[in-house]
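Coordinate analysis (summary)
Here is how the chains run, residue by residue.
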Amino acid sequence: MGCKPCCMRQISNTNNTVEFSYNRDIQQTQLKELFTTEYPIESNNKIQTVLKSSNNNYKYYLQIVELLNKYRERHNVPPLNINNEINIISQNHSDKIARENFIELSFNKYNNIELGEIIFSFGENDSPEDIISSFYEQEYIKYNYKNKTPQPSNFTQIIWKNSKYIGLGCSKTRENITYIVINFYPPGNISNEFISNVLPPIEDERKSTYSNNNSEKIKINFLEELLSCNNEYREKHGVPLLILNPSLITKASEYASYMAENNGVINQEIEYMGEKCGKNISVRNDISYDGKIIFDEWYKEIKQYNFNDIKKNDLEKVKNFTQLIWKETKEVGFGWAHSNKGIFYIIGVYYPCGNIEGEYKENVFQEIE
């Protein structure tokens, strides 16, 4: 996945575009007309190229354009418009990526200006909406809109005010991996132009979907505290730090709410990107937003873990400890909810999943001296 910073020059006029309304019904009509009319695209017999006449292609493009413009509307910037010439550039590059089964930035140009670019892939059971949402939601809450020199990202390209046109490419491999290329013109992420192009959201739109009835400040602070506590322990064991994943936060919140509604732990797996997630659960009688208490509770299982002879471990009794420091886990989401009996449920959802049989030695390490 990537969005490259580029240089930007004056945009020239083009008639090869579809101008989109903010109105969703109008957008759908415009998109259907655009993406159900075939036009020639260079393809390769080794891959299944998704053509404009394909229902899947229309479906993906509709999801992507709607979502991008929904986020842009939230930040009070104009909607993106599809340019057919850029579409061909994007499609050719997605074909190349699918042939090679390897993501790389194209550095393609339009009107002699290098295009902005976001590239990602997803599996048969996944959605491009989930990927784009993660790009946006990952930074939406914590982004500092007053920073003149922030780190360029997919988030800043998505809402970049001066980007007006996009092209979309979609190609699928025999292994059912779909690659999406989105090119932006003029490109975003231009040095010294972030303040004027990355605008804060309209205040009444800045709402969190991560949990239930707590204030926005408490939600954000508690999420950050939980992540910090988890990473503090991972750092002690010399494994990479985790990042928050909005999709996992949503799944954790839904799971916690379901537990609260049913007054108890439920035996239900959580999946993300078609794979099983790990999960840690804390059930408390006190409603205390104290991440240290929760992680100390999970981490104290270390006292029962035998690093020297893994076979002697009762892995069920140490699963919270091993999951929170599992080396190959990269992302996490936290959710919480209160039952009508005053019970506080806190859930950590981890991806990729830890506690894999036969892999403890390579993933669970003793504390660094």
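This is a predicted model, so every value here is computed, not measured.

Pairing within the open sheet is mixed, and its 4 strands lie in the order 10-14-15-13. Every interior strand has two partners, whereas the edge strands, strand 10 (243-244) and strand 13 (278-284), have only one. The pairing of strand 13 with strand 15 (residues 344-351) spans 7 bridges and is classified as antiparallel. For Ser282, the partnering residue across the bridge sits in strand 15 and is Ile346. Against the sheet, helix 8 (residues 246-262) contacts strand 10, strand 13, strand 14 (331-338) and strand 15, and its axis sits at roughly 30 degrees relative to strand 14. Packed onto the sheet, helix 9 (residues 291-299) meets strand 13, strand 14 and strand 15 and runs at close to 115 degrees relative to strand 13.

Under the definition given, this model contains 9 salt bridges. We note a salt bridge from Lys96 to Glu100, for which the minimum N-O separation is 3.4 Å. Linking Lys96 with Glu100, this pair stays in helix 3 (residues 84-100), spanning 4 residues, or about one helical turn. You can call Lys96 partly exposed: its relative accessible area is 27%. The partner of Asp309 in a salt bridge is Lys312, with the nearest N and O atoms 4.0 Å apart. One salt-bridge network, in which partners are shared between bridges, spans Lys96, Glu100 and Glu104.

Below, the discussion takes up the pairing of strand 15. The side chains of a regular strand alternate, residue by residue, between the two faces of the sheet. In terms of burial, strand 15 is a largely internal element, 8 of the 8 residues being buried. The side-chain alternation of strand 15 yields two buried faces, one formed by Phe344, Ile346, Gly348 and Tyr350 and the other by Tyr345, Ile347, Val349 and Tyr351. Judged from the 8 bridges that link them, strand 14 and strand 15 form a sheet pairing that is antiparallel. Looking at the pairing, Ala337 lines up with Tyr345 of strand 15. Hairpin connection, strand 14 to strand 15: the antiparallel pair is bridged by 5 residues, and Gly342 has positive phi, about 85 degrees.

What follows is about the nonpolar core. Core analysis: the biggest nonpolar cluster contains 32 residues, and Phe120, Ile132, Ile166 and Ile182 have the highest contact counts within it. For this core, the secondary structure elements donating two or more residues are helix 2 (55-74), strand 7 (116-122), helix 4 (128-140), helix 5 (154-158), strand 8 (165-172) and strand 9 (178-185). It is helix 2 that provides the largest number of residues to this core, a total of 7 residues. Aside from chain neighbours lying at most four places away, what touches Ile182 is Ile64, Leu68, Gly116, Glu117, Ile118, Phe120, Ile132, Ile166, Gly167 and Leu168.

Tallying each qualifying case throughout the model produces 18 aromatic pairs. Ring plane angle 70 degrees and centroid distance 6.0 Å describe the contact between Phe120 and Phe135, whose orientation is recorded as edge-to-face. Here the residue Phe120 occupies a position in strand 7, and Phe135 occupies one in helix 4, the gap between them amounting to 15 residues.

What follows concerns the environment of Val349. With respect to the element layout, Val349 can be found in strand 15. By relative accessible area, which is 0% here, Val349 ends up buried.

Here we take up the environment of Trp326. Looking at where Trp326 falls in the secondary structure, it is placed in the loop between helix 10 (319-324) and strand 14. Classification of Trp326 as buried rests on a relative accessible area of 1%. As for Trp326 and Val239, which are separated by 87 residues in sequence, their C-alpha atoms are 7.7 Å apart. When neighbours within four sequence positions are excluded, Trp326 is seen to be in contact with Arg234, Cys353, Gly354, Asn355, Ile356, Glu359, Tyr360, Asn363 and Val364.

Here the protein chain averages 78 in pLDDT, while 78% of its residues score no lower than 70. For the protein chain, the element scoring lowest by mean pLDDT is strand 3 (residues 48-49), at 32; helix 10 scores highest, at 96. Confidence drops under a pLDDT of 50 for residues 1-55, and excluding neighbours within four residues, the segment shows 146 contacts in the predicted structure. Taken as a whole, residues 204-215 scores under 50 in pLDDT and shows 27 contacts with residues more than four places along the chain or in a different chain.

It is worth spelling out the state of the cysteines at this point. In protein chemistry, a disulfide is the covalent bond that joins the sulfur atoms of two cysteines. Applying the stated rule across the entire model yields 0 disulfides. Here Cys277 stays free of any disulfide, with the sulfur of Cys353 as its closest cysteine sulfur at 7.3 Å.

Definitions and limits used
- Residues numbered from 1 in each chain as written.
- Predicted model: local features only at pLDDT ≥ 70, side-chain atom pairs only at ≥ 80, totals over all residues.
- Heavy atoms only, no water.
- Pairing = 2+ DSSP bridges.
- Helix = DSSP H or I, 4+ residues; strand = E, 2+ residues; numbered from the N terminus.
- Contact = heavy atoms within 4.5 Å.
- Axes fitted to C-alpha atoms, helices over the stretch in contact; angles between N-to-C directions.
- Salt bridge = Lys/Arg side-chain N within 4 Å of Asp/Glu carboxyl O.
- Buried < 20%, exposed > 50% of the residue type's maximum accessible area, 1.4 Å probe, protein only.
- Core = buried A, V, L, I, M, F, W, Y, C linked by side-chain atoms within 4.5 Å.
- Phe/Tyr/Trp six-rings, centres within 6.5 Å; stacked < 30°, edge-to-face > 60°.
- pLDDT = per-residue confidence, 0-100.
- Disulfide = S-S within 2.5 Å.

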